[in-house]
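# Structure assessment
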Amino acid sequence: MKITWEPITLNLKTTFRIAHGASDQRHNVLVRLEQGGAHGLGEAAAVPYYGETQAGIIEYLRGIREYLGEDPALIEDILERLPPGSRAARAGVDMALHDLWARQIGQPLYRLLGLNPAKLPQTSFTIPIQEPEAAAERARLSGYPILKIKLGGGRDVETIALIRAATTARLRVDANAGWGREQALEIIPRLAEYGLELVEQPLAAGDIEGLRWLRLELRAQGVDTPIFVDESVLTARDVAAHAGAADGVVIKLMKSEGIRGALRAIHTARALGMQVMLSCMVETSLGVTAAAHLAPLCDYVDLDGPLLIRDDPFEGLRYQEANISLPECPGLGVERRAAL
Ligand code: MG
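What counts and how
Residues numbered from 1 in each chain as written. Predicted model: local features only at pLDDT ≥ 70, side-chain atom pairs only at ≥ 80, totals over all residues. Heavy atoms only, no water. Helix = DSSP H or I, 4+ residues; strand = E, 2+ residues; numbered from the N terminus. Rg over C-alpha atoms; globule rule 2.2 N^0.38 Å. Buried < 20%, exposed > 50% of the residue type's maximum accessible area, 1.4 Å probe, protein only. Areas by Shrake-Rupley, 256 points an atom, 1.4 Å probe, with all protein chains shown as cover. Lys, Arg positive; Asp, Glu negative; His and termini not counted. Charge placed at Lys NZ, Arg CZ, Asp CG, Glu CD. Polar contact = N/O pair within 3.5 Å; in protein donor to acceptor, adjacent residues only side chain to side chain. Contact = heavy atoms within 4.5 Å. 1 Å grid on protein atoms, 1.4 Å probe; cavity = no way out; pocket = protein on both sides within 12 Å on 5 of 7 lines; lining within 4 Å. Points joined across faces, edges and corners; volume = space filled by probe spheres on them. Nonpolar A, V, L, I, M, F, W, Y, C, P; charged D, E, K, R; others polar. Domains from an automatic or database assignment. Phe/Tyr/Trp six-rings, centres within 6.5 Å; stacked < 30°, edge-to-face > 60°. Salt bridge = Lys/Arg side-chain N within 4 Å of Asp/Glu carboxyl O. Donors = N, O, S within 2.8 Å, 3.2 Å for Na, K, Ca; no water. Buried area = accessible area lost by both parts, 1.4 Å probe.

### What to know about the overall build of the protein chain
Counting its secondary structure elements, the protein chain contains 13 helices and 15 strands. Computed over its C-alpha atoms, the radius of gyration of the protein chain comes to 20 Å, within 12% of the 20 Å expected for a compact globule of 340 residues. Overall, the protein chain is about 60 × 40 × 40 Å in size when its C-alpha atoms are taken along their principal axes. The burial tally for the protein chain puts 57% of its 340 residues in the buried class. Carbon together with sulfur atoms contributes 48% to the accessible area of the protein chain, which is approximately 13,400 Å² in total. If you average the places of the 36 positive and of the 44 negative side-chain charges in the protein chain, the two averages end up 2 Å apart.

Below, the structure is given as structure tokens:
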């Protein structure tokens with residue numbers, strides 16, 4: 001198999017500010033595998049929080065040609081052979097292998113996985129941290145029926161109060177590890193009065209004991225808002241470690257090192273009675289469509305990455321407001337737009 005790559009710069013429509021920091025651009029890498037006249041595409045997102053850089057991803061890809069072999073159907077073997085390193089790069093290779101394999105068979109990936117494309121949950125739309133008035137205005141103008149509001153910016157309760165007054169949308173909040181234990185216990189009951197579907201990553205990644213404590217304290221107060229973990233959970237093993245400490249987990253291909261790892265994490269969560277949200281980083285339609293093939297297995301979907309960027313170089317997943325639909329062509333079903 002031949003592997004090539006291409007760095008791409010994604011310009012965000014508006015500044016994306018969350019508790020970890022703000023960005024106007026992201027720097028991802030496209031991965032292309034070729035074998036027997038067919039090709040497969042993948043994307044690696046360089047997320048600063050996870051210590052990934054475009055240069056680091058390319059460095060990893062440069063060193064793996066000898067591990068790929070000639071049969072893209074042997075995905076598990078190939079991934080096992082790959083050296084440890086950039087999770088994002090490995091996710092990009094995993095995606096490209098699945099795309100190539102499914103294209104060679106001539107079927108959309110979801111069909112090969114036995115999944116029903118009619119069963120895709122609606123996606124949420126993200127409102128980044130900003131002044132509460134501006135957040136409420138953006139929520140109102142978006143018209144989206146499900147909003148994911150980034151918190152941890154200091155005026156959290158005010159933000160949710162104004163958004164609640166501005167829209168009837170279902171509200172999910174994501175603190176991105178921005179609260180301390182006591183702070184979370186103080187804020188979540190006040191937020192819950194506005195009717196939240198769930199709270200994502202209230203505490204620092206790794207604070208499993210804090211999560212157990214927080215859930216018990218909230219339940220004792222009669223607050224049963226589900227607590228999801230995102231930054232805390234990269235792989236299936238991390239999911240298992242959070243059994244009894246969280247109600248649900250957020251799965252992203254960039255954390256799980258691709259589709260294979262995501263499937264393992266989803267099934268692990270199910271076995272432990274946890275709910276699953278499928279999400280993405282700031283990615284083009286390529287990476288996000290790859291993730292969407294797993295959406296029929298998930299309870300919640302947060303796949304608005306392509307809606308946050310200008311000039312998406314790919315066409316794949318289709319959006320009709322919050323309704324998403326998968327392309328029907330073979331592989332991931334993603335093609336590069338002709339003009340870009
Ligand atoms: Mg999150």
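### Concerning the side chain of Asp247
Mapped onto the fold, Asp247 is located in the loop between α9 (236-241) and β9 (248-252). Relative accessible area serves as the criterion here: at 16%, Asp247 is assigned to the buried category. Looking at Asp247, its side chain comes within polar contact range of the side chain of Arg219, at 3.1 Å. Not counting residues within four places of it along the chain, the set of residues in contact with Asp247 comprises Arg215, Arg219, Thr225, Pro226, Ile227, Met274 and Gln275.

### Let's talk about empty space enclosed by the protein
Scanning the entire structure with this criterion turns up one cavity of 30 Å³ or more. Of the pockets and cavities examined, the largest cavity occupies roughly 40 Å³. Around the largest cavity, the lining residues are Leu12, Thr14, Phe16, Thr126, Pro128, Arg138 and Leu308. Ranked by the residues each element gives to the lining of the largest cavity, the list is headed by strand β1 (residues 2-18), at three residues. Across the lining of the largest cavity, the residue classes tally to four nonpolar, two polar and one charged.

### Thoughts on the layout of surface pockets
Where empty space is left becomes clear once a probe the size of a water molecule has been rolled over the atoms. As a volume, the largest pocket reaches approximately 400 Å³. Together, 27 residues line the largest pocket, and Phe16, Ile18, Arg26, Val47 and Met281 are the ones closest to its centre. For the lining of the largest pocket, the secondary structure elements donating two or more residues are β1, β2 (21-35), β5 (146-150) and α13 (305-308). Among the elements that line the lining of the largest pocket, the one with the most residues is β2, at four residues. Grouping the constituent residues of the lining of the largest pocket by class yields eleven nonpolar, seven polar and nine charged. Both domains that meet at the lining of the largest pocket, namely domain 1 (2-106) and domain 2 (112-336), each give it at least three residues. Of the voids in this model, the second largest pocket is the one considered here, and its volume is about 280 Å³.

### As for the packing of aromatic side chains
Applying the stated criterion across every chain, the model contains three aromatic pairs. An angle of 25° between the planes, with centres 5.0 Å apart, marks the rings of Phe125 and Tyr144 as stacked. With Phe125 in strand β4 (residues 125-127) and Tyr144 in the loop between α5 (132-142) and β5, this residue pair connects regions lying 19 residues apart in the sequence. Phe125 gets classed as buried once you look at its relative accessible area, which sits at 14%. Look at Phe228 and Tyr300: their rings are 5.7 Å apart centre to centre, the planes differ by 80°, and that puts the pair in the edge-to-face class. On the criterion of sequence distance, the pair formed by Phe228 in strand β8 (residues 227-229) and Tyr300 in strand β11 (residues 300-302) is long-range, its members being 72 residues apart. Among the residues examined, Phe228 registers a relative accessible area of 0% and is labelled buried. Exposure remark for Tyr300: the relative accessible area of 13% places this residue in the buried category.

### Comments concerning the side chain of Thr159
Position of Thr159 relative to the elements: it lies in helix α6 (residues 156-166). Those residues within four positions of Thr159 in sequence are excluded, and the remaining contacts are Pro132, Ala135, Ile149 and Leu151.

### Regarding the pattern of salt bridges
Within the structure shown, the criterion is met by 27 salt bridges. The salt bridge involving Asp174 is made with Lys148; its shortest N-O contact spans 3.9 Å. Linking Asp174 in strand β6 (residues 170-174) with Lys148 in strand β5, this pair joins segments that are 26 residues apart in sequence. The two residues Asp174 and Lys148 agree in class, both being buried. A salt bridge links Glu197 to Arg170; the nearest nitrogen and oxygen atoms lie 2.7 Å apart. Of this pair, Glu197 sits in strand β7 (residues 196-200) while Arg170 sits in strand β6; the two residues are 27 residues apart in sequence, bridging distant segments of the chain. Because the salt bridges share partners, they merge into one network encompassing Lys148, Lys150, Asp174, Glu200 and Asp302.

### Observations concerning the coordination of the magnesium ion
Coordination sphere of the magnesium ion, protein contribution only: Asp174 (OD), Glu200 (OE) and Asp230 (OD), at 2.0 to 2.3 Å. The motif formed by the donor residues of the magnesium ion, counted along the single chain, is D-x25-E-x29-D. Taken as a pair, Asp174 in strand β6 and Glu200 in strand β7 lie far apart in primary sequence, 26 residues in all. A residue is classified by how much of its surface remains accessible, and Asp174, at 0% relative accessible area, is buried.

### Structural notes on the domain arrangement of the protein chain
In terms of domains, the protein chain is made up of domain 1 (2-106) and domain 2 (112-336). For domain 1 versus domain 2, the separation of C-alpha centres amounts to 22 Å. Of the residues lining the interface, 41 residues belong to domain 1; the matching set on domain 2 comes to 43 residues. Summed over both sides, the interface between domain 1 and domain 2 buries roughly 3,700 Å², with carbon and sulfur atoms accounting for 63% of that surface. For the pair domain 1 and domain 2, the interface holds six salt bridges. A salt bridge links Glu257 to Arg87; its shortest N-O distance comes to 3.3 Å. Between domain 1 and domain 2 we count 21 residue pairs in polar contact (both at pLDDT 80 or more) in total.

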